[in-house]
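Summary of structural features
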Amino acid sequence: MQMTLRWYGSKFDTVTLKQIRQIPGVTGVISTLYDSAPGEVWSLEDILSLKKEIEDAGLQLAGIESVNIHDAIKTGAPERDMYIDNYITTLENLGKADIHMVCYNFMPVFDWTRTELARVRPDGSTVLAYTQEAVDKLNPEDMFASISADTNGSIMPGWEPERMEKIKDLFAMYENIDDEKLFANLKYFLERIMPTCDKYDINMAIHPDDPAWSVFGLPRIIINKENILRMMKMVDNPHNGVTFCSGSYGTNLNNDLPDMIRSLKGRIHFAHVRNLKFNSPTDFEESAHLSSDGTFDMYEIMLALYDIGFEGPIRPDHGRMIWDEVAMPGYGLYDRALGATYLNGLWEAIVKSHSRK
Ligand code: DNO
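Before going into details, it helps to say that this report is about the structure given with it. Quick caveat, the model's predicted, so the values are computed rather than measured. Within each chain, residue numbers correspond to sequence positions counted from 1 in written order. Reporting of local features is limited, given that this is a predicted model, to residues whose pLDDT is at least 70; pairs of side-chain atoms are given and counted only at 80 or more, and all residues count toward the totals for whole chains, interfaces and linings. Heavy atoms from the whole structure form the basis of all side-chain values; hydrogens and water molecules are not counted.

Remarks on the site of the ligand
Within the structure, the ligand sits among 15 residues, and E65, S66, N105, H318 and Y331 are positioned closest to it. Polar contact criterion, stated in full: a pair of N or O atoms within 3.5 Å, where within protein one must be able to donate a hydrogen and the other to accept it, and residues adjacent in sequence count only if both atoms are side-chain atoms. Between the ligand and the protein, one listed contact pairs an oxygen atom with a side-chain N or O atom of S66 at 2.7 Å. The separation between an oxygen atom of the ligand and a polar side-chain atom of Y331 is 2.5 Å. The Shrake-Rupley method, run with a 1.4 Å probe sphere, supplies the accessible areas, and residue values consider only the shown protein chains as cover. In isolation the ligand offers 330 Å² of accessible surface; the protein chains occlude 99% of this area. Here a strand is any run of E in DSSP of at least two residues, a helix any run of H or I of at least four, and the numbering for each starts at the N terminus. Tallying contributions element by element places strand 4 (residues 101-105) first for the shell around the ligand, with 3 residues. Within the shell around the ligand, the residues separate by chemical class into 6 nonpolar, 5 polar and 4 charged. To be near a molecule or strand, a residue needs just one of its heavy atoms within 4 Å of it. Ten residue types, Ala, Val, Leu, Ile, Met, Phe, Trp, Tyr, Cys and Pro, are classed as nonpolar, four, Asp, Glu, Lys and Arg, as charged, and the remainder, Gly among them, as polar.

The structure is reproduced here in C-alpha cells:
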C-alpha cells in the first residue's frame with residue numbers, strides 16, 4: 001500500500017504540501033481539479049500542472065478524488081451520452097498524465113451527509129457526527145443553509161454552493177429513479193468507460209454512499225456487500241473497482257468490514273480507513289483512528305487489506321479538530337497525520353509478523 005493524504009489544492013486547503021511531506025511515511029497525495037464542475041472536460045494541461053506542483057513538493061499525485069459524475073449520467077437523462085463522452089476525454093487525459101486511479105461516487109444529489117460538524121467530545125476535540133433523528137427533522141435546503149453557516153464559508157466536498165442552489169431541480173430529476181434504475185444507469189456508464197480504462201490502465205474506484213442507507217428518500221445503492229458484489233459482477237472488469245471506505249460502509253453496523261474487504265480481493269483500488277464511535281445505531285461520531293477510541297477494530301481492517309494483497313493508495317480519513325487547529329471540518333493536518341502514523345504502525349507490525357512465520 002501507499003500512504004497518502006487528501007489535499008484540497010493550494011487555493012482551498014489550509015494544509016500545505018510541505019506539511020504533508022513531513023508526515024513520516026506519507027509519499028503521495030490524492031487531489032482533484034477543485035475549480036472544475038461535474039461534466040466538464042479536464043484539460044491535459046491543467047492535470048499536468050496539478051501533478052507538477054505536487055511533484056515539486058516531493059510527493060506523488062497517487063490518484064484523483066474525485067472526478068464527479070454529472071447528474072444526467074446518474075439519472076439516465078438524454079444528455080448523458082454527451083457527459084459520458086466528456087468523462088472519457090477526462091480519463092484519456094488522466095491516462096496520458098500517467099494517473100491510474102480515479103475515485104468517484106454515484107450518490108444522488110448529496111455526497112456524504114453529516115448533521116453536526118463540530119460535536120465536542122470528552123477530550124475537548126470536535127468531530128463530525130450524524131444522527132438519523134436530526135436528518136428526519138430536516139428538509140434538505142435547511143440542512144444546506146446550516147452546513148454552510150457552520151463551515152465559515154469553506155467548501156465541504158459534494159456540498160458546493162452551485163449544486164445546492166439547484167437543489168429543488170436536482171430532487172425533481174430523481175423523482176422516478178429507484179435503486180434498480182440507478183444500478184442500470186451505473187452499468188451503462190461503466191460499460192461505456194471501460195474500454196478507455198483498459199487502454200490507459202485506469203482503476204475506477206467507486207466510493208460508498210455515506211451514510212449507507214437512503215437519506216431524504218433518495219435511492220442509494222453502494223451500501224453493503226450484496227450490492228457492491230452485484231456491481232462488480234454486472235461489469236466484470238478489474239478496472240471496475242472500489243474505494244473501500246471503512247467509515248462509510250461502517251455506518252451500517254450490519255456490514256462486517258473485514259469480511260467485505262476479503263470478498264473484494266483484486267477490486268479494491270483505494271482505501272479510506274477511519275473509525276467511528278456509535279452511541280446508538282443511528283447516532284455516530286467520527287472518533288480518532290485508534291481502535292480503542294471507536295467501534296471498529298482497525299487492526300482487523302488493516303489485516304484484511306494485507307491478506308488480499310492490497311497495493312493501492314490508502315489514506316487516513318476525516319480527522320478530529322485538535323490542538324486548536326482551524327481547518328475544513330474533517331480535513332485538518334494534525335489528527336489525519338496521527339491517523340496516517342497509526343495506520344503505518346499497524347501495517348509495519350502486520351508485515352513483520354507475517355514475514356517471521
Ligand atoms: C468525504 C469523502 C467523499 C468522497 C466522494 C467520492 O470526505 O470521502 O466526499 O470524496 O464521495 O466521490
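There is more to say after this.
Thoughts on empty space enclosed by the protein
Think of a 1 Å grid over just the protein atoms. A cavity is a set of points where a 1.4 Å probe fits yet cannot get out, a pocket is an open set with protein on both sides within 12 Å along at least five of seven lines, and lining residues have an atom within 4 Å of a point. Grid points are joined across faces, edges and corners, and a volume is the space filled by probe spheres set on the points. Inspection of every chain in the model, using the stated rule, returns 2 cavities of 30 Å³ or more. Here the second largest cavity is characterised by a volume of approximately 40 Å³. Lining the second largest cavity are L117, T126, V127, L128, G319, R320, M321, P329 and G330. Classifying every residue of the lining of the second largest cavity by side-chain character gives 5 nonpolar, 3 polar and 1 charged.

Let's talk about helix 5 (residues 80-96)
Side chains that are three or four residues apart share a direction in an α-helix, a result of its 3.6 residues per turn. The end-to-end C-alpha separation of helix 5 is 24 Å, in line with the 24 Å expected for 17 residues at 1.5 Å each. Taken together, the buried positions of helix 5 are occupied by R80, Y83, I84, N86, Y87, I88, T90, L91, N93, L94 and G95. Any pair of residues with heavy atoms lying within 4.5 Å of one another is described as a contacting pair. Those residues of helix 5 that are buried are in contact with helix 3 (44-56), strand 3 (60-65), helix 4 (71-75), strand 4, helix 10 (179-200) and strand 7 (203-207). Positive backbone phi, approximately 65°, marks D98, located one or two places after helix 5. Expected helix span is taken as 1.5 Å per residue step, with the number of steps being one fewer than the number of residues. In this scheme, a residue with accessible area under 20% of its type's maximum is buried, one over 50% is exposed, and one in between is partly exposed, where area comes from a 1.4 Å probe on protein chains only.

A short note on the state of the cysteines
When the sulfur atoms of two cysteines come within 2.5 Å, that pair is taken as a disulfide. Under the criterion given, the structure shown has 0 disulfides. Free cysteine: C197, not disulfide-bonded; nearest cysteine sulfur from C103 at 13 Å.

Regarding the nonpolar core
Across soluble globular proteins, nonpolar side chains have a tendency to be buried as a group. Judged by nonpolar contacts, the single largest core of 94 residues is most densely connected at L186, F189, I193 and M231. Considering every element that reaches this core, the biggest residue donor is helix 10, with 9 residues. Apart from the residues lying within four places of it in its own chain, the contact partners of M231 are Y104, F183, L186, L190, I206, I222 and N240. Only buried residues count toward a nonpolar core. Its members are Ala, Val, Leu, Ile, Met, Phe, Trp, Tyr and Cys residues joined through side-chain atoms within 4.5 Å. I30, A62, C103 and A205 belong to the second largest nonpolar core, which has 6 residues in total.

Let's talk about the sheet that holds strand 11 (residues 283-285)
What links the strands of a sheet is backbone hydrogen bonding, and the strands pair in either a parallel or an antiparallel sense. For two strands to be treated as a pair, DSSP must find at least two bridges joining them. Pairing is antiparallel in the open sheet, where 4 strands are placed in the order 5-6-11-10. If you trace the sheet from one side to the other, it starts and ends with strand 5 (116-120) and strand 10 (277-280), each paired once. For this sheet, the mean inter-axis angle between neighbouring strands, taken without regard to orientation, is 35°. Inspection of the sheet shows strand 6 (residues 126-131) paired to strand 11 by 3 bridges, in the antiparallel sense. Angles here are taken between N-to-C directions and fall from 0 to 180 degrees, while the axes themselves are lines fitted to C-alpha atoms, restricted in helices to the stretch in contact.

Thoughts on the pairing of strand 6
Of all 6 residues making up strand 6, 5 are buried, and the element is well covered by its neighbours. Relative to strand 6, strand 5 runs antiparallel, the two being bridged by 3 bridges. Bridged to V120 within strand 6 is T126. Linkage of strand 5 to strand 6, two consecutive antiparallel strands, is achieved through a turn of 5 residues, within which G124 is found at a positive phi near 90°.

Focus: the side chain of D283
Looking at where D283 falls in the secondary structure, it is placed in strand 11. Here R119 takes part through its side chain, which lies 3.0 Å from a polar atom of the side chain of D283. With sequence-adjacent residues up to four places away left out, D283 is seen in contact with R119, Y130, T131, K277 and F278.

Let's talk about the packing of helix 5 against helix 10
Interhelical geometry of helix 5 versus helix 10 gives an angle of 25° and a closest axis separation of 10 Å. On the basis of their axis angle, the class for helix 5 and helix 10 is roughly parallel. Crossing of helix 5 against helix 10: the hand is right-handed. Where helix 5 approaches helix 10, its residues R80, D81, I84, D85, Y87, I88, L91, E92, G95 and K96 are matched on the opposing element by N185, Y188, F189, R192, I193, T196, C197 and Y200. Of the residues that constitute the contact of helix 5 with helix 10, the class distribution is 9 nonpolar, 3 polar and 6 charged. The labels follow the angle: roughly parallel below 35 degrees, roughly antiparallel above 145, roughly perpendicular from 65 to 115, and oblique for the rest. Here a crossing is called left-handed whenever its near helix is offset anticlockwise from the far helix by less than a right angle, and right-handed whenever the offset is clockwise.

Some thoughts on the packing of helix 10 against helix 11 (residues 225-234)
Packed helix pairs are characterised by how far apart their axes lie and by the angle those axes make with each other. Two numbers describe how helix 10 lies on helix 11: the axes approach to 10 Å, and their chain directions differ by 40°. Judged by the twist between their axes, the crossing of helix 10 over helix 11 is right-handed. Contacts from E180, F183, L186, K187, L190 and E191 in helix 10 reach N227, R230, M231 and M234 in helix 11. Residues belonging to the contact of helix 10 with helix 11 are distributed by class as follows: 5 nonpolar, 1 polar and 4 charged.

Looking at the environment of E180
Along the chain, E180 turns up in helix 10. For the pair E180 and P219, spaced 39 residues apart in sequence, the C-alpha to C-alpha distance is 9.0 Å. Side-chain polar atoms of E180 contact the side chain of R230, separated by 2.8 Å.

Here we look at the sheet that holds strand 3
Pairing within the closed barrel is parallel, and its 8 strands lie in the order 1-2-3-4-7-8-9-12. The mean angle between the axes of side-by-side strands here comes to 30°, regardless of whether they run parallel or antiparallel. Pairing of strand 1 (residues 2-6) with strand 2 (residues 28-31) involves 3 bridges; the strand directions are parallel. Of the residues in strand 2, the one forming a bridge with T4 is G28. On the sheet, helix 3 packs against strand 2 and strand 3 and is oriented at approximately 135° with respect to strand 3.

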